[in-house]
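The primary structure of each chain is shown beneath.
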Amino acid sequence: MKLGIVGLPNVGKSTLFNSLTKAGAESANYPFCTIDPNIGIVPVPDERLTRLTEMYHSAKTTPAVIEFVDIAGLVKGASKGEGLGNQFLSNIRETDAIVHVVRCFEDSNVIHVDGSVDPVRDIETINFELIFSDLEVLERRMAKTVRAARNDKTVAKEYELQKALKEHLEAGKLAKTFETSDEDCEAWLKEYNLLTGKPVIFAANVGEDDMADDGASNSYVQQVKEYAKKTDCEVFVVCAEMEQEISELEDDEKAMFLEEMGVSESGLDKLIKASYSLLGLISYLTAGETESRAWTIKKGTKAPGAAGKIHTDFERGFIKAEVVSYDDLIACGNMNAAKEKGLVRQEGKDYVVQDGDVILFKFNV
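Residues numbered from 1 in each chain as written. Predicted model: local features only at pLDDT ≥ 70, side-chain atom pairs only at ≥ 80, totals over all residues. Heavy atoms only, no water.

Asks: Can you explain the pairing of strand E8 (residues 281-286)? Please cite residues and give values.
Replies: Regular strands show a simple pattern: their side chains alternate between the two faces of the sheet. Within E8, six of the six residues are buried, leaving the element largely enclosed by the surrounding structure. Neither face of E8 is open: one carries Leu 281, Ser 283 and Leu 285, the other Ile 282, Tyr 284 and Thr 286, and all of them are buried. Two elements, E8 and strand E9 (residues 292-298), share six bridges in a ladder whose sense is antiparallel. Looking at E9, one finds that Leu 285 is bridged to Ala 294. Following E8, the chain reverses through five residues before pairing antiparallel with E9. (Buried < 20%, exposed > 50% of the residue type's maximum accessible area, 1.4 Å probe, protein only. Helix = DSSP H or I, 4+ residues; strand = E, 2+ residues; numbered from the N terminus. Pairing = 2+ DSSP bridges.)

Asks: I'd love a proper account of the nonpolar core, names of residues and values included.
Replies: Residues Phe 68, Ile 92, Cys 104, Phe 202 and Leu 271 are the most contacted members of the largest nonpolar core, which totals 73 residues. The greatest single-element share of this core, amounting to six residues, is contributed by helix H9 (residues 267-279). Aside from chain neighbours lying at most four places away, what touches Phe 68 is Leu 3, Ile 5, Phe 17, Leu 20, Thr 21, Asn 38, Ile 39, Gly 40, Val 42, Leu 268 and Leu 271. If you look at the next biggest cluster of nonpolar residues, it comprises 19 residues, including Val 137, Met 142, Leu 169 and Leu 189. (Core = buried A, V, L, I, M, F, W, Y, C linked by side-chain atoms within 4.5 Å. Contact = heavy atoms within 4.5 Å.)

Asks: A description of the packing of helix H7 (residues 240-247) against helix H8 (residues 251-260) should follow, citing residues and the corresponding values.
Replies: When two helices pack together, you describe them by how their axes are tilted relative to each other and by the distance separating the axes. Relative to each other, H7 and H8 sit at 150°, their axes nearing to 9 Å. Relative to H8, the element H7 is oriented roughly antiparallel. Residue-level contacts link Met 242, Glu 245 and Ile 246 of H7 to Lys 254, Phe 257 and Leu 258 of H8. In the contact of H7 with H8, the residues fall into four nonpolar, no polar and two charged. (Axes fitted to C-alpha atoms, helices over the stretch in contact; angles between N-to-C directions. Parallel < 35°, antiparallel > 145°, perpendicular 65-115°, else oblique. Nonpolar A, V, L, I, M, F, W, Y, C, P; charged D, E, K, R; others polar.)

Asks: How would you summarise a positive patch on the surface if you had to cite specific residues and measurements?
Replies: On the surface, Arg 140, Lys 144, Arg 147 and Arg 150 cluster together to form a positively charged patch. Among the secondary structure elements, Arg 150 is positioned in the loop between helix H3 (119-149) and helix H4 (153-170). (Patch = residues over 30% accessible without salt bridge, like charges linked within 9 Å, V, L, I, M, F, W, Y side chains within 5 Å. Areas by Shrake-Rupley, 256 points an atom, 1.4 Å probe, with all protein chains shown as cover. Salt bridge = Lys/Arg side-chain N within 4 Å of Asp/Glu carboxyl O. Lys, Arg positive; Asp, Glu negative; His and termini not counted. Charge placed at Lys NZ, Arg CZ, Asp CG, Glu CD.)

Asks: Could you give an account of the pairing of strand E1 (residues 2-6), with specific residues and numbers?
Replies: Summarising burial for E1: four of the five residues are buried, a large majority. Here E1 pairs with strand E4 (residues 65-70) via four bridges, running parallel. Directly across from Ile 5, in E4, lies its bridge partner Asp 70. Where E1 lies against strand E5 (residues 97-103), four bridges are found, and the strand directions are parallel.

Have a look at this one:
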């Protein structure tokens, strides 16, 4: 899973990136501190893998991973060359979703590029810059399409879609709110990979004092949540500065720190939950002496497709899947005990893989 991080300058974007990835992206109290995109790859914490590694005495443990891409802060007019322009938006065009960091704290020592804290205004500023970037991409495609449309009905149909989509974006609307039931049009929209067509997770960045009640008493957070409801987005409340402190602690110290702060889970845990929920993802597990590993798939994936995540040969030559739920396996203590109790199932090609399934695939190529 690949997530792009966006936001205005000085909203805590790079501080959050640093804490999530420990990649050490530069962070300071002045606009455009982050110039080149920063990339960090983070393992997805999963207690289930730890238990399976212990059970099987696995030589290796491989968690699922998330790749974060952090780009320079955007400002109003970026598309027209203000600030650093939107030259870095291409770096997040290939991401699965966008994490939009929104400032929800007051601090006179931290400059706000627009002079005051207003999360909805800030969100809309970024949205407009993403729309302008999408319009540039679309207009370049339209210049090519219009020439071929004269002699090709399919291309002419695509050009009509492009014109309607351009009108939609120019009205200040996001690509994801553009509606079509035509299969060709849906395929073209997917191919364009527009930024405003991507799922969005808002990271409401608050001060430490707001973390105990998860931002419930912070009016700025409530504004972000109301906005997210209307636009079908996820929200998680985070204190980037606190996350930075947590990232420097050992695992056992982290748990104590979170408890002292009255917080049940870290920002990374919250973001992973929000990402998996928004993108409709689950994890299945494989385990053995060589390796215990988590594999990320879309909800609704059937057994052969899940097998293909490991290797295309597994999907091509799929015979069956030996499946036991993680909870059943742990309760029984080992695979043989689970088999004796009849909890290990043989599943075929139509089996829909569930979150936490521990699977051994049988295949023949």
